[in-house]
Amino acid sequence: MTPEGDMTTVHARAATDSSDGHPRTRHTLLAEGLRLSYDRKEVVHGIDLQLPPGKVTMIIGPNGCGKSTTLRGLARLLDPSGGRVLLDGRDIGTLPNREVARVLGILPQHPVAPDGITVTDLVGRGRYPHQGWFRKWNAEDDEAVARALTVTNTAELAGRPVGSLSGGQRQRVWIAMALAQRTDLLLLDEPTTFLDLANQVELQDLLTDLNRRSGTTIAIVLHDLNLACRYADHLVCMKAGDIVAEGPPREVVTAETVSTVFGMRCDVLVDPVSGTPLIVPIGRHHTRDSESTS
Ligand SMILES: Nc1ncnc2c1ncn2[C@@H]1O[C@H](COP(=O)(O)OP(=O)(O)OP(=O)(O)O)[C@@H](O)[C@H]1O
Ligand SMILES: [Mg+2]
């Protein structure tokens, strides 16, 4: 079967939603009893996870708990040691690479750019899955790359070698590449790393625009709990290779959950801007109590 033939099947199986008058394809991605291991050491222990279609899911949890591994498993960069990942109801491990890449984009935590590659060329690589024997580079690809450069504010970097960029500039270029792929499912592992606060908020707004306008299903691993609570429809809390809580941030995030997941005391207030949970950490120093007694 040709990749194009397979795609028809994937599209036919994906749900559609025309409630806003714009029929669109909704692809589904879920993990069933997913186990992931490095060598023979299991680090994700049989999780069930469905990304709500057309929603933004944030995955939070302490360092080393298996967030990146889970994302890599979902994008089949890592084969399961147990269970499976289903894309539109089909085992993702059985689908051709190009077919998956047209539907599912991932920005890993530590992407590596080929030596000497320019910004435009790297972002253009996001278009590779859309090309084939009968489909060469065309105006749509140019438009997708130009648009991705514009929205990530990287157009002025277009001719620069990626290796010469600052950390934040480079991160925005990787995001541009993921956006240029124009997939219905988008997985991003700590996309705000290296970004200043204004750029972090801008990126979350940009992803929300994408989600609302195109219905893109987005999953983001994020360490900033307050931005995660503000921008997530669905929050997934991981600890030691398991999912320990999930749901809307307002229902999931309590001082008790934060203590269970991160082993950290905190107050949970209401974010005065968004009304979502605002987590104020309580460390050993610089609390009113500790300063008044020291
Ligand atoms: N390539 C690898 N080889 C061996 N072990 C690995 C590899 N990558 C990750 N691990 C281990 O798997 C576990 C989960 O790692 P993972 O990168 O998924 O954590 P994470 O939740 O994304 O953490 P962080 O917040 O620090 O990015 C950790 O114990 C880590 O040391
Ligand atoms: Mg990680």
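Keep in mind the model is a prediction, meaning the values are calculated, not measured. (Residues numbered from 1 in each chain as written. Chains lettered and ligands numbered in written order. Predicted model: local features only at pLDDT ≥ 70, side-chain atom pairs only at ≥ 80, totals over all residues.)

Caption draft 1: Representation of helix α2 (residues 67-74) in the model. Of all eight residues that make up α2, seven are buried, and the element is covered over most of its length. Inspection of α2 places K67, T69, T70, L71, R72, G73 and L74 among the buried residues, and these make up the whole buried set. Downstream of α2 by one or two residues, R76 has phi in the positive range, about 50°. (Buried ≥ 20, exposed ≤ 12 C-beta atoms within 10 Å, placed from the backbone. Helix = DSSP H or I, 4+ residues; strand = E, 2+ residues; numbered from the N terminus.)

Caption draft 2: Up close: the sheet that holds strand β4 (residues 41-50). Strand order in this open sheet of four strands is β4-β3-β6-β7, and the pairing throughout is antiparallel. Across the chains shown, the open sheet's two edge strands, defined by having one partner strand only, are β4 and β7 (90-91). Here strand β3 (residues 29-38) pairs with β4 via seven bridges, running antiparallel. Across the sheet, residue S37 finds its bridge partner in β4, namely E42. In the packing of α2 onto the sheet, contacts are made with β3, β4 and β6 (82-87), and the angle to β3 comes to roughly 120°. (Pairing = 2+ DSSP bridges. Contact = placed C-beta atoms within 7 Å. Axes fitted to C-alpha atoms, helices over the stretch in contact; angles between N-to-C directions.)

Caption draft 3: A look at the site of ligand 1. Close contacts around ligand 1 come from Y38, V43, G61, N63, G64, C65, G66, K67, S68, T69 and Q109, and that covers them all. The greatest single-element share of the shell around ligand 1, amounting to three residues, is contributed by α2. Tallied by class, residues from the shell around ligand 1 come to three nonpolar, seven polar and one charged. (Near = placed C-beta within 6 Å. Nonpolar A, V, L, I, M, F, W, Y, C, P; charged D, E, K, R; others polar.)

Caption draft 4: Structural view of unusual backbone geometry. At D39, a residue that is not glycine, the phi angle is positive and equals roughly 50°. Relative to the assigned elements, D39 resides in the loop between β3 and β4. Phi at H286 is positive, roughly 55°, even though this residue is not glycine. Checked against the element boundaries, H286 lands in the loop between β14 (277-282) and α11 (288-293).

Caption draft 5: Molecular detail of the packing of helix α5 (residues 139-151) against helix α6 (residues 167-180). Where α5 contacts α6, the two axes come as close as 8 Å, and the packing angle between them is 140°. One way to sum up the angle between α5 and α6 is to call them oblique. Here the hand of the crossing between α5 and α6 comes out right-handed. Across the interface between the two elements, A144, V145, A148, L149 and V151 of α5 pack against A176, L179 and A180 of α6. (Parallel < 35°, antiparallel > 145°, perpendicular 65-115°, else oblique. Left-handed = near helix turned anticlockwise from the far one by under 90°.)

Caption draft 6: Inspection of the UniProt feature "domain: ABC transporter" (unreviewed entry) in the protein at higher detail. In the numbering adopted here, UniProt assigns the feature "domain: ABC transporter" (unreviewed entry) to residues 29-265. As a span, residues 29-265 carries 36% helix and 25% strand, and end to end its C-alpha atoms are 34 Å apart. (UniProt positions renumbered as here; feature names shortened; annotations may be inferred.)

Caption draft 7: Spotlight on the nonpolar core. Residues M58, V123, V173, A176, L187, A228 and L235 are the most contacted members of the largest nonpolar core, which totals 68 residues. Among the elements that make up this core, the one with the highest residue count is α6 (eight residues). Those residues in contact with L235, other than ones at most four positions away along the chain, are M58, I60, A228, C229, E246, G247, P249, V252 and V253. (Core = buried A, V, L, I, M, F, W, Y, C linked by C-beta atoms within 7 Å.)

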